[in-house]
Amino acid sequence: MAYNDENIFAKILRGDAPAFKVYEDDYSLAFMDVMPQVEGHTLVIPKNPTENLHDADPVILGHTMGTVQKVAAAVKQAFTAPGIMIAQLNGAPAGQTVFHLHFHILPRANGIDIAMHARDMADFTLLETHAQRIREALG
Ligand code: 5GP
């Protein structure tokens, strides 16, 4: 299927939609998930128009994973998370709802379950506070 640049992450990349950004480089962007499954739920996307893992250029994917590693360390520090879960869904049957490749970074701790996927919108003031904590952890 051809990449559709009307998806929300393409709009964020173009500056046509807002996002609580935490990190950006030439190849990738990281920002808060607006319907977080847990506090600190962060997304990392390649800037290259890519629908999912199967379509990804391996070099772009490598850069994106470097960002996932960097931002995951900052999220771990910012939220004092004993565990970090990375999730990535390919295709609607797998649960993908936004058709631009993205990696979910989810802080995990014993006894704290993750909420339903893409359901409840977060308070934007709180999201900005969380984004700032991650930016500070990134230095
Ligand atoms: P997927 O279901 O495709 O793996 O994940 C898409 C993610 O994007 C979901 O976790 C959902 O909460 C998030 N999301 C959907 N719309 C927006 C948006 O407008 N902005 C941000 N920052 N995240 C979004």
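Quick look at the structure, then.

### Here we look at the nonpolar core
Next, step 1: Ranked by internal contacts, the top residues of the largest apolar core, which has 21 residues, are Val22, Met32, Val71, Ile105 and Ile134.
Next, step 2: Counting residues per element, the ones that place at least two in this core are β1 (21-24), β2 (28-32), α2 (58-78), β5 (103-108) and α3 (124-138).
Next, step 3: Take this core: its biggest share by element is six residues, from α2.
Next, step 4: Look past the residues within four positions of isoleucine 105 in its chain and what remains in contact with it is Gly40, His41, Thr42, Val44, Val68, Val71, Ala72, Val75, Ile84, Met85 and Ile86.
Next, step 5: In this structure, Phe9, Ala17, Leu43 and Ile45 belong to the second largest nonpolar core, which totals eight residues.

### Thoughts on the site of the ligand
Next, step 1: Neighbouring the ligand are 18 residues, the closest being Met32, Asp33, Thr97, His104 and His117.
Next, step 2: Between valine 34 and the ligand, the recorded distance is 3.5 Å, taken from a backbone N or O atom to a nitrogen atom.
Next, step 3: Alone, the ligand offers 520 Å² of accessible surface; in the complex the protein occludes 92% of this.
Next, step 4: Of all the elements in the fold, those that place two or more residues in the shell around the ligand are α1 (8-14) and β2.

### Some thoughts on the packing of aromatic side chains
Next, step 1: Within the structure shown, the criterion is met by two aromatic pairs.
Next, step 2: Centre to centre, the rings of phenylalanine 9 and phenylalanine 31 are 5.3 Å apart; their planes meet at 75°, and the pair counts as edge-to-face. With phenylalanine 9 in helix α1 and phenylalanine 31 in strand β2, this pair connects stretches of sequence that are 22 residues apart.
Next, step 3: For phenylalanine 31, a relative accessible area of 2% corresponds to the buried category.
Next, step 4: Their ring planes at 70° and their centres at 5.4 Å tell us that phenylalanine 20 and phenylalanine 124 sit as a pair that is edge-to-face. Pair noted here: phenylalanine 20 is in the loop between α1 and β1 and phenylalanine 124 is in helix α3, with a separation of 104 residues, a long-range link.
Next, step 5: Overall, the relative accessible area of 18% leaves phenylalanine 20 in the buried class.
Next, step 6: For phenylalanine 124, a relative accessible area of 44% corresponds to the partly exposed category.

Reading the values: the criteria
- Residues numbered from 1 in each chain as written.
- Predicted model: local features only at pLDDT ≥ 70, side-chain atom pairs only at ≥ 80, totals over all residues.
- Heavy atoms only, no water.
- Core = buried A, V, L, I, M, F, W, Y, C linked by side-chain atoms within 4.5 Å.
- Buried < 20%, exposed > 50% of the residue type's maximum accessible area, 1.4 Å probe, protein only.
- Helix = DSSP H or I, 4+ residues; strand = E, 2+ residues; numbered from the N terminus.
- Contact = heavy atoms within 4.5 Å.
- Near = heavy atom within 4 Å.
- Polar contact = N/O pair within 3.5 Å; in protein donor to acceptor, adjacent residues only side chain to side chain.
- Areas by Shrake-Rupley, 256 points an atom, 1.4 Å probe, with all protein chains shown as cover.
- Phe/Tyr/Trp six-rings, centres within 6.5 Å; stacked < 30°, edge-to-face > 60°.

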